[in-house]
Amino acid sequence: MPIKKSPATSSPERRSELLSIAAEVFAAHGYDATTVRRIADEAGMLAGSLYHHFDSKESMVDEILSTFLAGLRAGYDQVLGAGPATTAGPGAAPGPGPWETIEALVAESFRQIDRNRAAVAIYRKEAEHLSTRPGFAYLTDARAAFEDPWLRALERGVADGSFRADLDVRTTGRFLRDMVWGAASWYRPGDEPGAEELARRCLSLINDGIASRT
């Protein structure tokens, strides 16, 4: 479970603003190299004043990561919950097939990157060593949130014949996951093309490859 935090003394809006600033600083400079003073400087306040909102930089990065991961799980659960297992029944329309689920996972991943680019960058850089610290064990469990949805869609596609019978599901799942989430290292919200177009291009690459068909 995430570490417990001291009661907040700031409004939710101010707290969210400070967390956004902290996330950008952590993403740019790394967790260990970031000080409370540096975050406060970026926020235009004294370091002591920041302690009225958060008790430590540890509690800040914890809230950034735990909030991001909760949103990711919710988004992926919504995608997977639209599958045939939850839509089957008399007169029910068929749920999305394995490829449609992959499409939805790619689109949702890029939406998450668009909303939470700094948090994604922090997770990718810092999760491994933060997970060894008290209160951050949940980061180890979070790895499954990034990988299991892809594996489930691929396994279903192999089972129903949508995908190749000889497909290495685990390798393919990790490739898809890393291809999508790796975009967080260079994509910036507001860049062109936007998140939706990046998702479309990514899916075209997965589905059509890069070789000429002539």
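Rules used throughout
Residues numbered from 1 in each chain as written. Predicted model: local features only at pLDDT ≥ 70, side-chain atom pairs only at ≥ 80, totals over all residues. Heavy atoms only, no water. Helix = DSSP H or I, 4+ residues; strand = E, 2+ residues; numbered from the N terminus. Buried < 20%, exposed > 50% of the residue type's maximum accessible area, 1.4 Å probe, protein only. Contact = heavy atoms within 4.5 Å. Areas by Shrake-Rupley, 256 points an atom, 1.4 Å probe, with all protein chains shown as cover. Salt bridge = Lys/Arg side-chain N within 4 Å of Asp/Glu carboxyl O. pLDDT = per-residue confidence, 0-100. Axes fitted to C-alpha atoms, helices over the stretch in contact; angles between N-to-C directions. Parallel < 35°, antiparallel > 145°, perpendicular 65-115°, else oblique. Left-handed = near helix turned anticlockwise from the far one by under 90°. Expected span 1.5 Å × (residues − 1). Bend = angle between axes of the 7 residues up to and from the residue. Phe/Tyr/Trp six-rings, centres within 6.5 Å; stacked < 30°, edge-to-face > 60°.

(A) Structural context of the overall build of the chain. For the chain, the helix and strand inventory stands at nine helices and zero strands. Secondary structure of the chain in N-to-C order comes out as α-α-α-α-α-α-α-α-α. Across the 214 residues of the chain, 43% fall into the buried class. Partitioning the intrachain contacts of the chain with sequence separation of at least 6 by distance along the chain shows that 69% fall at a separation of at least 24. Carbon and sulfur atoms provide 53% of the accessible area of the chain, an area that totals close to 11500 Å².

(B) Fine view of the pattern of salt bridges. With the rule as written, the count across this model stands at 14 salt bridges. Glu108 is the salt-bridge partner of Arg115, the closest N and O atoms lying 4.0 Å from each other. Given the relative accessible area of 55%, Arg115 is considered exposed. The residue Asp166 makes a salt bridge to Arg164 at a minimum N-O spacing of 2.9 Å. The same class applies to Asp166 and to Arg164, which are both exposed. Taken together, the salt bridges that share partners define one network made up of Glu147, Arg170, Arg174, Arg177 and Asp178.

(C) Inspection of the confidence of the model for the chain at higher detail. Averaged over every residue, the pLDDT of the chain is 87; the share at 70 or more is 88%. The secondary structure element of the chain with the lowest average pLDDT is helix H5 (residues 84-87), at 47, and the one with the highest is helix H2 (residues 36-43), at 96. Segment residues 85-90: pLDDT under 50, and six contacts once partners within four positions in sequence are set aside and those in other chains are kept.

(D) Structural detail: the packing of helix H6 (residues 98-130) against helix H8 (residues 169-181). Two numbers describe how H6 lies on H8: the axes approach to 8 Å, and their chain directions differ by 55 degrees. One finds that H6 runs oblique with respect to H8. Each of Ile102, Val106, Ser109, Phe110, Gln112, Ile113, Val120 and Arg124 in H6 lies in contact with H8, whose residues at this interface are Leu176, Val180 and Trp181.

(E) Local environment of the packing of helix H4 (residues 57-81) against H6. Taken N-terminus to C-terminus, the directions of H4 and H6 make an angle of 155 degrees; their axes are 9 Å apart at the nearest point. As judged from the angle between their axes, H4 and H6 are roughly antiparallel. Helix-helix and strand crossings are classified by hand; for H4 and H6 the assignment is left-handed. Across the interface between the two elements, Val61, Ile64, Leu65, Phe68, Leu69, Gly71, Leu72, Gly75, Tyr76, Val79 and Leu80 of H4 pack against Thr101, Ala104, Leu105, Glu108, Ser109, Gln112, Asn116, Ala119, Val120, Ile122, Tyr123 and Leu130 of H6.

(F) Molecular detail of H6. Between its first and last C-alpha atoms H6 spans 34 Å; for 33 residues at 1.5 Å apiece the expected length is 48 Å, and the helix comes up short by more than 12%. If you look at H6, its biggest bend is around 100 degrees, right at Asn116.

(G) Main features of the packing of aromatic side chains. If you walk through the whole model with that rule in mind, you get seven aromatic pairs. Their ring planes at 85 degrees and their centres at 6.4 Å tell us that Tyr76 and Trp150 sit as a pair that is edge-to-face. With Tyr76 in helix H4 and Trp150 in helix H7 (residues 138-159), this pair connects stretches of sequence that are 74 residues apart. Taken individually, Tyr76 and Trp150 each receive the classification buried, so the pair is uniform in this respect. Ring centres of Phe136 and Tyr138 lie 6.2 Å apart, and the angle between their planes is 25 degrees; on these two criteria the pair is classed as stacked. Across the pair, Tyr138 and Phe136 agree in class, each one buried. Ring-pair connections join several aromatic residues into one group, and the members of that group are Phe68, Tyr123, Phe146 and Trp181.

(H) Region of the structure containing the side chain of Arg117. As for its placement among the helices and strands, Arg117 is situated in helix H6. With sequence-adjacent residues up to four places away left out, Arg117 is seen in contact with Glu24, Gln112, Ala184, Tyr187, Arg188 and Pro189.

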